[in-house]
Amino acid sequence: MQISESKRLFAHAQNFIPGGVNSPVRAFRAVGGDPIFIKKADGAYIFDEDGNAYIEMINSWGPMILGHNHPMIKEAVIKAMENGTSFGAPTAREVEIAELIVKMVPSVEKVRMVNSGTEATMSAIRVARGYTGRDKFIKMEGHYHGHGDSFLISAGSGAITMGNPDSPGVTVGTAKDTLLAPYNDLHAVENLVQANKGEIAALIIEPVPGNMGLTLPLPGYLEGLREICTREGIVLIFDEVMTGFRLAKGGAQELFGVTPDMTTLGKIIGGGMPVGAYGGKKEIMEFVSPAGPVYQAGTLSGNPIAMAAGLAMLRHLDTHPEVYASLNQIGRKITEGIVKINLDLNLNYTVNHIGSMYSLFFTDSPVVDFESAKKSDTALFGTYFQAMLKRGVYLAPSQFESLFLSTALTDGLIEVVLSAHKESMKEILG
Ligand SMILES: *Cc1c(COP(=O)(O)O)cnc(C)c1O
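Per an unreviewed UniProt entry, the recorded name for the protein is Glutamate-1-semialdehyde 2,1-aminomutase, and the organism is Algoriphagus confluentis. Its UniProt record gives the protein the following Subunit (unreviewed entry) comment, quoted word for word: "Homodimer." The UniProt entry for the protein carries the following comment under Sequence similarities (unreviewed entry): "Belongs to the class-III pyridoxal-phosphate-dependent aminotransferase family. HemL subfamily."

Okay, structure coming up:
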């Protein structure tokens, strides 16, 4: 595999862009080697600047759920382009997409469009604080909610009453309002609630976390959080930027039957364009300006081109329930194949899987939270990643990510992925 043009571009990029990339994980630091630069993508494939083709297992971190360059989305964008690219004024399409989101995600009674998942979560917390008149919120260790200051808080020690900033530039003052609990531990949440009685505005969670590698909620966990939040007047926010429109039409909340007060959305909602959204109960969303006092705005929010792409995507998902049956089947075939190959090789690595998301963890122990995810052999994952890349399979360049499958993965391609997995495993284990 020749990657000289990617290497040249990456070296050049570092003169002008911090680390040569516009988002850190793209730099491949967690897996070694240089990142590949993408020239184009189509269906199940992406192509790099050297002309190599790779089977897509990330799909732009989720948005391309129907595969790349889908004709229906391309057509919607081109058509919208003919009428201008931005107006900074209301459009009919924004009303259409809002109405559709409210229909697909019933807990969302009103919704505000923004430009990224980060904006959605930042805004949702602000609204929850404005609504409750409280400052603190709970987040789970290892969960990612974008790069807003108050979310960049690492796992604290022992008592977990106060977070420490995870990044320079996040003040201790900001961090002190972020309370941390381990995922899947209701008792820890109960303790935080008792220790901060009447002071917690919100609990924000990835209901099915994908940002520490894919992890699943234990039975009763999400229901338990719902009960605590209802009892304590805490706004329960499901961050479904990743899982929304992926695990089901109505996201993880539909699949698990647990109803949050607010929901944040992103990724698929823009059909590949930069879009996020936050919404929830009417009485909470009525706090958003200009209906209410909590300020939140955006020059390019509800951008007509982005809305056209998003609307085409959501309409398709709304009217084609077979997409989810197909995604589930693709996910099952790949993960069952991987588990079988591993067992044949006497390997017992943990595979977490739900619908069209999965993670292969290089550890034998179950992965249920951030602590157990960290037991993975990340060096071995890096070697595996490179072995797969060499065989034309593009995985997420970190152990602590989920993969996002698309409907473009045919049975034939699944076989190619599985045989690449088998060869890679044999290679890396010598
Ligand atoms: C990707 C992601 C975000 C951040 O979205 P951006 O569009 O990258 O700002 C927030 N929450 C979750 C769960 C995500 O997966």
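Caption draft 1: Representation of the site of the ligand within the structure. Around the ligand lies a shell formed by Ser116, Gly117, Thr118, Tyr144, His145, Gly146, Glu206, Asn211, Asp239, Val241, Met242 and Lys267. One of the side-chain N or O atoms of Asp239 is found 2.7 Å from a nitrogen atom in the ligand. For the ligand, the accessible surface in isolation is 380 Å², of which the surrounding protein chains cover 83%. Split by residue class, the shell around the ligand holds 3 nonpolar, 6 polar and 3 charged.

Caption draft 2: Representation of the sheet that holds strand β1 (residues 38-42) within the structure. With respect to topology, 4 strands assemble into an open sheet ordered β1-β2-β3-β13, the strand pairing being mixed. Whereas interior strands pair on both sides, the edge strands pair on one side only; in this sheet they are β1 and β13 (393-394). Here strand β3 (residues 53-56) runs beside β13; their pairing, made up of 2 bridges, is parallel. When the bridges of β13 are listed, Glu56 appears paired with Tyr394. Contacting β2 (45-48), β3 and β13, helix α14 (residues 411-428) runs over the sheet at an angle of about 100° to β3.

Caption draft 3: Up close: the packing of helix α11 (residues 322-344) against α14. Taken N-terminus to C-terminus, the directions of α11 and α14 make an angle of 25°; their axes are 10 Å apart at the nearest point. Compared by their axis directions, α11 and α14 come out roughly parallel. Relative to α14, the crossing made by α11 is right-handed. Residues Ile330, Lys333, Ile334, Gly337, Ile338, Ile341 and Asn342 of α11 form the contact with α14, whose own contacting residues are Asp411, Ile414, Leu418, His421, Lys422 and Met425. Within the contact of α11 with α14, the residues separate by chemical class into 7 nonpolar, 3 polar and 3 charged.

Caption draft 4: Molecular detail of the packing of aromatic side chains. Counted under the stated rule, the structure contains 11 aromatic pairs. Through a chain of ring-to-ring contacts, three or more aromatic side chains come together here, namely Tyr349, Phe362, Phe381 and Tyr384. Geometry around Phe47 places Lys40 over its ring, the cationic atom sitting 5.0 Å from the centre.

Caption draft 5: Molecular detail of the sheet that holds strand β5 (residues 136-140). Spatial ordering of the open sheet is given by β4-β10-β9-β8-β7-β5-β6, a layout of 7 strands whose pairing is mixed. A single partner strand is all that each edge strand has here, and the edge strands are β4 (110-114) and β6 (178-181). Within the sheet, the average angular offset between the axes of one strand and its neighbour, ignoring direction, is 20°. Where strand β8 (residues 235-239) lies against strand β9 (residues 262-265), 3 bridges are found, and the strand directions are parallel. When the bridges of β9 are listed, Phe238 appears paired with Thr263. Sheet strands in contact with helix α7 (residues 221-232) are β5, β7 (200-205) and β8, and its direction is about 165° off that of β7.

About the criteria used
Residues numbered from 1 in each chain as written. Predicted model: local features only at pLDDT ≥ 70, side-chain atom pairs only at ≥ 80, totals over all residues. Heavy atoms only, no water. UniProt positions renumbered as here; feature names shortened; annotations may be inferred. Near = heavy atom within 4 Å. Polar contact = N/O pair within 3.5 Å; in protein donor to acceptor, adjacent residues only side chain to side chain. Areas by Shrake-Rupley, 256 points an atom, 1.4 Å probe, with all protein chains shown as cover. Nonpolar A, V, L, I, M, F, W, Y, C, P; charged D, E, K, R; others polar. Pairing = 2+ DSSP bridges. Helix = DSSP H or I, 4+ residues; strand = E, 2+ residues; numbered from the N terminus. Contact = heavy atoms within 4.5 Å. Axes fitted to C-alpha atoms, helices over the stretch in contact; angles between N-to-C directions. Parallel < 35°, antiparallel > 145°, perpendicular 65-115°, else oblique. Left-handed = near helix turned anticlockwise from the far one by under 90°. Phe/Tyr/Trp six-rings, centres within 6.5 Å; stacked < 30°, edge-to-face > 60°. Lys NZ or Arg CZ within 6 Å of the ring centre and 35° of its normal.

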